[in-house]
Amino acid sequence: MNDLNFTFSDLISGYVTQYDEATKMVGIETSDGRTYEGKLTGNTYAKQTQNLGEGWPDRSGDLKRLLVPGQMIFAYGTFFPENKVKFEINYIIFAGDSKDEYRYADEKGWWVNQIDQIAASYCKWQFNAPEQPIDYTNYRTLINLTGGKTDSDFLQETDTISRMVYGMACAYMLTGKDLYLDAAEKGTEYLRDKMKFTDTDTGLIYWYHGQKVSAGGEEQKLLVSEFGDDYDCIPAYEQIYALAGPVQTYRLTGDPRILADAEKTVDLFDECFKDNEKGGYYSHVHAVTLSAHEESLGRNKAKKNWNSVGDHAPAYLINLWLATGEERYKKMLEDTFDTITTHFPDYDASPFVQEKFFDDWSKDQTWGWQQNRAVVGHNLKIAWNLMRFYAEMDKDVYLDVAKKIAGLMPKVGYDNQRFGWYDVVERVLGEDEKFHRYAWHDRKAWWQQEQGILAYLILQGHMPDSDEYKKYADESAAFYNAFFLDNNDGGVYFNVLASGVPYLVGTERFKGSHSMSAYHSTELCFLSTVYIDLMIKKRPLDLHFKPMPNGFKDRVLRVEPDILPKGSLKISKCEIDGKEYTNFDAEGLTVKLPETDQRVHVKVTVSPK
């Protein structure tokens, strides 16, 4: 039964142990120490990891030089179960041009170039910019594989616009290209104009799910979600992500209208979603009463989950605190992470955190698709964000939980055969099971790779002597850059098969959907740049801002790109409109902006101490 007596193709990722040029045999050791032997054929070809916008970096003629012990490779080939199981290699992708080189880390500007390419693609797809002016009436939630859109009736979702705006703001901060600032500001203005609802009685602000636009241009506002998990409710995460793009834009511009919107939306969270008795935030509220306890909410009545509690931090709250320094947002961050570390670990029952809860924080393991299942990326996201706030408030529990997750996930959520992080798995092993079962498939989603890369990069930055954190940062980033970048049509793929082959079926073939916009891919580029340059490689980083006159309080521009260890950075140089400017606090990472009635371009060089 179940004999391996058929051929199949697959990927082996790992490190070269030996290469015999005479026999063309390559030894490969996987991430977890298993060994394979592969044979090069007359048709085997090889390439270097290829960034977006680059030509084909052929390495077929360099195999003797590159196949040295310790070199990371991705070897895709075919297994032949003959007198012994043979593996014949079809192609090889190299992570770097030497055994100790990883292009994503060693080439300064790798991620900056990538975010530039991604942002340019979305501007082209959505607006045909820069050939035509950016106009968000042309925005579509759905974009196909090659960037095409429909001209018939369509939906504009608030969150996908906001996520794209976030990506444009990040791209401007790293490149200084005005096209991306224009896209960020116009998108923010479109959200304020079309998607914002202000309660005139309370002053609270909340955001429409989106609007449907007919072929004739008629707009129909959608207050409640039309997404299946949240149908006919106002979900917390939609309100959370409505702020992602505008708040990141606020960091660049200081537009006081954005800050006012953010403050009133946070008021909404505190007054309508927050559980002041038992802690945390409810996942859904009723559209009319704004209560989490209405019977009509059905399975979402009085529930709490990862998205409603934890997503505040990465989506907008960290950036809002970095931009303002306001104690209110720091306290909200502390409360968020205290809630996570108190209620989410469940290590007596599972190596994964618990993600869904009833009102009293008892475990909800019967909800919808989640049941008793784990989203691998949510575990990694918790570790990443705990380490961000740990740099500001070094509570032992934050570090302990982050390290616990980082130690467990490679054993239960990682592909040690091919590299990369899985999607949704069963939280508990069944009888006689060694592997946590995949809920539906063993595919790998782009956003979950982001969480893994950022988690291990920031852990590596905080604890540079740990080889394990570097190992999984290198493997995760190498896998992502080898297989997720669409070098033909631009942007990144939604999903790849376990073997790295793009999965292009249904909505997962899209570059824009309810789940995907220019967010996770650009966030990865932005924060990878920050962590690698400022924490790991100790390289200076240029950041760009374009504040409005008297926009920021007291004309103080805060330029720390993310929450990094206290005292680890300084401003080493500042320019305004291309001229040297010296009115800044190097240690405090702030620039005192000049009194002017014109917007100025501020370029700040932040350097590790």
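Only a predicted model underlies this, so the values are computations on that prediction, with no experimental measurement involved.

1. Side note on the overall build of the protein
Move 1: Of the regular secondary structure elements, the protein holds 16 helices and 26 strands.
Move 2: Relative to the compact-globule value of 25 Å for 609 residues, the protein shows a C-alpha radius of gyration of 24 Å, a close match.
Move 3: Projected onto the principal axes, the alpha-carbon positions of the protein cover approximately 80 × 60 × 55 Å.
Move 4: Looking at the protein as a whole, 60% of its 609 residues qualify as buried.
Move 5: Within the protein, contacts between residues separated by at least 24 positions form 68% of all contacts whose residues are at least 6 apart in sequence.
Move 6: Accessible surface, the protein as shown: approximately 23,400 Å² in total, 47% of it carbon and sulfur.
Move 7: On the protein, the mean spot of the 69 positive side-chain charges and the mean spot of the 93 negative ones are 3 Å from each other.

2. Re the environment of glycine 588
Move 1: By the secondary structure assignment, glycine 588 is in the loop between strand S24 (584-585) and strand S25 (590-592).
Move 2: Measuring from C-alpha to C-alpha, the distance between glycine 588 and glutamate 560 comes to 8.9 Å, with 28 residues separating the pair along the chain.

3. Digging into the side chain of glutamate 392
Move 1: Counting through the fold element by element, glutamate 392 comes out in the loop between helix H12 (376-390) and helix H13 (396-412).
Move 2: Excluding its chain neighbours within four sequence positions, the residues that come into contact with glutamate 392 are Trp321, Lys330, Ile563 and Lys566.

4. Section: a nonpolar patch on the surface
Move 1: A surface patch of nonpolar side chains, amounting to about 280 Å² of accessible area, comprises Leu4, Phe6 and Val85.
Move 2: With respect to the element layout, valine 85 can be found in strand S5 (residues 85-94).
Move 3: Relative accessible area serves as the criterion here: at 47%, valine 85 is assigned to the partly exposed category.

5. Thoughts on the sheet that holds strand S22 (residues 569-576)
Move 1: Ordered in space as S20-S26-S22-S23, the four strands form an open sheet in which the pairing is antiparallel. Among the strands making up the open sheet, the edge pair consists of strand S20 (541-545) and strand S23 (579-580).
Move 2: Here two bridges tie S22 to S23, and the two strands are oriented antiparallel to one another. Considered in S23, the bridge of isoleucine 576 is made with lysine 579.

Conventions adopted
- Numbers given to residues run from 1 along each chain, matching the order in which its sequence is written.
- Local features in this predicted model are restricted to residues whose pLDDT is 70 or higher, and side-chain atom pairs enter the listing and the counts only when it is 80 or higher, whereas totals over whole chains, interfaces and linings include all residues.
- Hydrogen atoms and water are omitted, and side-chain values are computed over all heavy atoms in the structure.
- For helices the rule is a DSSP run of H or I covering at least 4 residues; for strands it is a run of E covering at least 2, with both sets numbered from the N terminus onward.
- When we talk radius of gyration, it's over C-alpha atoms, and the globule rule is simply 2.2 Å times the number of residues to the 0.38.
- Each residue gets one of three labels from its accessible area relative to the maximum for its type: buried under 20%, exposed over 50%, partly exposed in between, using a 1.4 Å probe on protein chains only.
- Contacts: residue pairs with any heavy atoms within 4.5 Å of one another.
- Residue exposure ignores everything except the shown protein chains as possible cover, and the areas themselves are Shrake-Rupley values with a 1.4 Å probe.
- By the counting rule applied here, Lys and Arg register as positive and Asp and Glu as negative, while His and the ends of each chain are not counted.
- By convention, the charge on Lys lies at NZ, on Arg at CZ, on Asp at CG and on Glu at CD.
- Patch definition: residues with relative accessible area over 30% and no salt bridge; like charges joined within 9 Å; nonpolar side chains (Val, Leu, Ile, Met, Phe, Trp, Tyr) joined within 5 Å.
- Here, a salt bridge means any Lys or Arg side-chain nitrogen found within 4 Å of an Asp or Glu carboxyl oxygen.
- Any two strands with at least two DSSP bridges between them are considered paired.

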